[in-house]
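Each chain, letter by letter, is given below.
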Amino acid sequence: MYPLRRNRRLRSTASIRALVRETTLSPNDFLVPLFVVEGKGVKEEIPSMPGYYRMSLDLLSEEAKELQAMGLLAVLLFVKVDDSLKDNAGKEALNPNGLMQRAVKTIKEATPELLVMTDVALDPYSQYGHDGIVEDGQILNDATNDVLAQMALSHAMAGADFVAPSDMMDGRVLRIRQALDEQGKEGTGIMSYSAKYASAFYGPFRDALDSAPGFGDKKTYQMDPANREEAIRETEMDIDEGADIVMVKPGLCYLDIVREIKNAVEVPVAVYQVSGEYAMLKAAAEKGWLEHDAVMLEQLTAIKRAGADIIATYFAREAVKLLS
Ligand code: PBG
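Residues numbered from 1 in each chain as written. Predicted model: local features only at pLDDT ≥ 70, side-chain atom pairs only at ≥ 80, totals over all residues.

### Points about helix 10 (residues 292-306)
The end-to-end C-alpha distance of helix 10 is 21 Å, a good match for the 21 Å that 15 residues give at a rise of 1.5 Å each. All of the buried residues along helix 10 are Met 296, Gln 299, Leu 300, Ile 303, Lys 304 and Ala 306. Down the axis of helix 10, the buried side of the element spans an arc of 165°, and every buried residue falls inside it. Exposed and oriented more than 90 degrees from the buried face of helix 10 are Ala 294 and Glu 298. Those residues of helix 10 hidden inside the fold are in contact with helix 8 (255-264), strand 11 (269-273), helix 9 (275-286), strand 12 (310-313) and helix 11 (316-323). Two residues or fewer after helix 10 comes Gly 307, characterised by a positive phi angle close to 130°. (Helix = DSSP H or I, 4+ residues; strand = E, 2+ residues; numbered from the N terminus. Expected span 1.5 Å × (residues − 1). Buried ≥ 20, exposed ≤ 12 C-beta atoms within 10 Å, placed from the backbone. Arc of directions from axis to C-beta. Contact = placed C-beta atoms within 7 Å.)

Okay, here's the thing in C-alpha cells:
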C-alpha cells in the first residue's frame, strides 16, 4: 500500500500531461512591443536586444500584417524621437503628425483589426530622458499629467485602441480618462502600468529609444523593488481612476506581485517581460549556456501561471512560431 498516492501517474505520458495541464500559451496571450523610427526602409537591430529591431513606417505595415497573419492580436508602440525634437515640455509628443501618431494610422490602415496600444510617457521626448517635466532637478507631477492627458488624447485621435501610461505620476489615469471622455473618446481604453518598478532591467530598452535619464534615476516616481503592499495600492488606485487593464513590470522578478494582484483585482492583468529579461536569455543562449526555446517557453508559461492575462514580450513572435 505504499505509497498510497502516486503523482507520477499524471506525468507518465505526453498525453496525460497535456490532459491535466493547468496553463497553456496561445497567440491570444501576447502583446508585441514595436520600436518605430523615422526614415524609409530602416530596420536596425538594437545591439543590446539581438533579433529585435527599430523600424520605419513603411516596414511597419508589413510587420503588422505578418503579426496578424501569425494570429497575434495586439501591438504596443514606442517611438525613437530625434534629439532635435526633444524638450522639457513634451511638445513633440502632442504633434498630431508626430511619429507615434503616424505609426498608429499606418497600422490601423494596414491591419484594422490588430489592436494598437501606445506608450504614454515623456521620456522619449524629454531632453532629460525623464518621464515628466523637470524643474530644479525634480519631476513635476501635476504639470506632467496635463501633458500626458493631451498626449493620450492625441494617440486616441490618431486611432489608438488603448493608451498605456508608463510614467507612474500620481493621478494620471484619471486625468487621461477625463480628457478622453470630454473629447468623445470614451471608447478608447487605458492599460495602465500600475505597478512599475524602478528596475535595472530597462537598460536595453533605453538603448533602443535613446531615452536613458540624463541625470539621476527614476526612483522618485517608479516603485521601490522592495515593496509589495504598495503595488496593490497603486493598482487599486489606477482601477478606481478608470484603468481597464493593469500591468506589472518587469515580469520574472515580480511574479509574487503578479499573483497577489491577480487575486486582489477584477480587471485583466498584464505583465511586461522587459528588455533586460530578453537580453539575458539571448546572451546566455548565444554563449550556449541555456537552451533558448525551452527557457523562453518556460518563462512565458511561468508568467501566465502567476496570473498574467496578457504578456507583453519581445519573444511574442518566436513563441507563437513555436506554438503553431
Ligand atoms: C518608458 C518605458 C520604459 C519601458 C517601457 N516604457 C523605460 C523606463 O521606464 O525607463 C521599459 C520597457 C523595457 O525595458 O522593455 N516610460
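That shown, we press on.
### Some remarks on the site of the ligand
Looking at the ligand, the residues that line it are Asp 119, Ala 121, Asp 123, Asp 131, Ser 166, Asp 167, Tyr 202, Phe 205, Arg 206, Lys 218, Val 274 and Ser 275. The residue makeup of the shell around the ligand, split by class, is four nonpolar, two polar and six charged. (Near = placed C-beta within 6 Å. Nonpolar A, V, L, I, M, F, W, Y, C, P; charged D, E, K, R; others polar.)

### A closer look at the packing of helix 4 (residues 142-158) against helix 5 (residues 172-182)
Pairs of packed helices are described in terms of their axes, by the angle between the two and the distance that separates them. Between helix 4 and helix 5, whose axes approach to 8 Å, the crossing angle comes to 45°. In terms of orientation, helix 4 lies oblique with respect to helix 5. Helix 5 is crossed by helix 4, and the crossing has right-handed handedness. Packed against helix 4, whose contacting residues are Asn 145, Leu 148, Ala 149, Gln 150, Ala 152, Leu 153 and Ala 156, the element helix 5 presents Arg 172, Arg 175, Ile 176, Ala 179 and Leu 180 at the interface. A per-class count over the contact of helix 4 with helix 5 returns eight nonpolar, two polar and two charged. (Axes fitted to C-alpha atoms, helices over the stretch in contact; angles between N-to-C directions. Parallel < 35°, antiparallel > 145°, perpendicular 65-115°, else oblique. Left-handed = near helix turned anticlockwise from the far one by under 90°.)

### A few points about the UniProt feature "active site" (unreviewed entry) in the chain
Here the UniProt-annotated "active site" (unreviewed entry) positions come out as Lys 196 and Lys 249. Maximum C-alpha separation among the annotated residues is 4.9 Å over a sequence range of 54 residues, consistent with a single clustered spot. Within the secondary structure, Lys 196 sits in strand 9 (residues 189-196). Note on Lys 196: 27 C-beta atoms within 10 Å, which makes it buried. Excluding residues that lie within four positions of it along the chain, Lys 196 makes contacts with Ser 166, Met 168, Gln 222, Met 223 and Lys 249. (UniProt positions renumbered as here; feature names shortened; annotations may be inferred.)

### Quick notes on the packing of helix 3 (residues 99-110) against helix 4
Two elements in contact, helix 3 and helix 4, have axes separated by 8 Å at closest approach and are oriented at 30°. Between helix 3 and helix 4, the crossing angle belongs to the class labelled roughly parallel. In this structure, the crossing between helix 3 and helix 4 has a hand that is right-handed. When helix 3 is examined against helix 4, the residues Met 100, Gln 101, Val 104 and Lys 105 are found in contact with a partner set consisting of Ser 154, His 155 and Ala 158. Grouping the constituent residues of the contact of helix 3 with helix 4 by class yields three nonpolar, three polar and one charged.

### Topic: the environment of Ala 243
Locating Ala 243 in the fold gives a position in the loop between helix 7 (229-241) and strand 10 (245-249). Classification of Ala 243 as buried rests on a count of 27 C-beta atoms within 10 Å. The contacts of Ala 243, once residues within four sequence positions are left out, are Val 173, Ile 190, Ser 192, Ser 194, Asp 238 and Val 267.

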